[in-house]
Every structure is written in structure tokens, then in C-alpha cells.
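# What the coordinates show
Each chain is listed here by its residues.
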Amino acid sequence: MSDTPFDAVLCDFDGVLRLWDPDGMTALDRELGVPAGTLASAAFRPGLLDEAVTGQISDGQWRERVTEDLAAICGPARAQGLVHAWSALTGRVDMDVLELLANVRRRIPVVLVSNATTRLEDDLAALGLADAVDAVINTARIVVAKPDRRVFEAAARSVAADLHRCLFIDDTPGHVTAARETGLTGLHYQHVDQLRSTLTPLLA
């Protein structure tokens, strides 16, 4: 019998390991003189975002579509300026979470599981995270996104772990609920101390 409660940790990226300035996109709206929420509404339009995070379109194509949508609202020049400035953002790594995951990796594998575009791998490299986990499940590469159970299955399979002995960490409640329904242990991430407490059995 294993001496650990889990065979692998499956961890979300954005909102857990990578953090964004909550005012970041709105600040760009202000700088370019457009109403607050203009950029976010175009970038995260549900149908368009779904295409990007399931690999139906590339990250570049997604941003081109966002530029086109914005151009109809604020003109081509502002649209291009907004998307250029937005594309330069990379967020920041929560170093406390990174340290916890690094310690966990001494005992069991850690898999990054992200509803992401085809840019994810470049972002990981830019943030110095290319070798920070044992495997990466980018939904744009497997053409299904969380909360689809196939994402969790692919993540467990990537490190040959028993699906039912995986801990899944995500800041989106619906994703955590789906993981639990699939048979994983789910943690709705809220803060690093909560995560540290959950991971304590793996840090001994």
C-alpha cells in the first residue's frame, strides 16, 4: 500500500499557480480610452473563448478575432493597441504555491491542468516554469476542456496515476465538482494556507 494519500496532484494554472492583476485588462481599457470591460468582453466571449481553449483556433487566431471584434467598437487603431498591450501581459507566479508543488514533486508527480490556448507552453517558458511540473495538460492540445471528464483522465494517464487517487486543485468551483464526480479528490482553491494544509500529508 502507498504511504501517501494520493498518487498525483493535478493543479490548475491560472488563479492558482499564475495570478493576474484583477485590474489589468480594465487598466488597458482606461489607457486606450474605451469603456471598462471592453477588452474582457471581447476576449472572453463564451463561444470564441471555447474555440480557443479547445484548439479549434490557435492563440494567434483568437487574438485576431478579438481585434476584429474590438475594431467594430473602437476602431482599428485602438483595437490593435488594446490587443498588443494585452498580449504583452504574462501574469506572475505565486512563489509560495510553486514551492509547495516543488516539495510535493519529491514524493509524487504534479500535473498542470489548464483550460488554455496554444500559447500556454510559451507562457510557461517565459515565466521559468517549463520544468516546474511533471506533465502539462493543455486543453487546446487535447481538444476538450474542463469540466469534461476526459481532461482529468488525460491528466492522470500522463503520469500513470490511478484516477481515483489523484488530488485535483482548481479555483473554479464547477471544475472541482466535475472532478469529484469523476472520482478524484477535489480542492476548491482559495488561498495558499488552505493548499498548504491540504498538502501537509505529502510534505512530511
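Every chain begins its residue count from 1, and numbering advances along the sequence as written. Residues qualify for local features only when their pLDDT is at least 70, as the model is predicted, and side-chain atom pairs are given and counted only at 80 or more; totals for whole chains, interfaces and linings, by contrast, use all residues. As a convention, hydrogens and water are excluded, and side-chain values are obtained from all of the structure's heavy atoms.

### Here we look at the nonpolar core
Quick note on the threshold: Definition used in this section: a nonpolar core is a set of buried Ala, Val, Leu, Ile, Met, Phe, Trp, Tyr and Cys residues joined via side-chain atoms within 4.5 Å. Burial classes: relative accessible area under 20% of the type maximum marks a residue as buried, over 50% as exposed, and values in between as partly exposed (1.4 Å probe, protein chains only). The numbering of helices and of strands both runs from the N terminus, where a helix is a DSSP run of H or I of at least 4 residues and a strand a run of E of at least 2. Working rule for contacts: check all heavy atoms of both residues, and any pair within 4.5 Å makes them a contact.
One finds Val9, Leu17, Val97, Leu129, Ile169, Leu195 and Leu199 to be the most contacted residues of the largest nonpolar core, which totals 29 residues. If you list the elements that add at least two residues to this core, you get strand E1 (8-11), helix H6 (95-104), strand E4 (110-114), helix H7 (120-126), strand E6 (166-170) and helix H11 (192-203). The dominant element in this core, judged by the number of residues it contributes, is H6, at five residues. Those residues in contact with leucine 199 that sit more than four places away from it in its chain are Val9, Leu100, Val104 and Leu167.

### Regarding the packing of helix H4 (residues 59-74) against helix H5 (residues 76-87)
Helix packing for two helices is described by the angle between their axes and how far apart those axes are. Here is the rule we go by: Fitted lines through C-alpha atoms give the axes, limited to the stretch in contact for helices. The angle between two N-to-C directions lies from 0 to 180 degrees. Small angles under 35 degrees read as roughly parallel and large ones over 145 as roughly antiparallel, with 65 to 115 read as roughly perpendicular and the rest as oblique. For any pair of crossing helices, the crossing counts as left-handed if the nearer helix is rotated counterclockwise from the farther one by less than a right angle, and right-handed if it is rotated clockwise.
Contact geometry of H4 with H5 gives a least axis separation of 7 Å together with a crossing angle of 140°. When the axes of H4 and H5 are compared, the pair comes out oblique. Seen along the crossing, H4 lies across H5 with a hand that is right-handed. Contacts between H4 and H5 involve Trp62, Arg63, Val66, Thr67, Leu70, Ala71 and Cys74 on the former and, on the latter, Pro76, Arg78, Ala79, Gln80, Leu82, Val83, Trp86 and Ser87.

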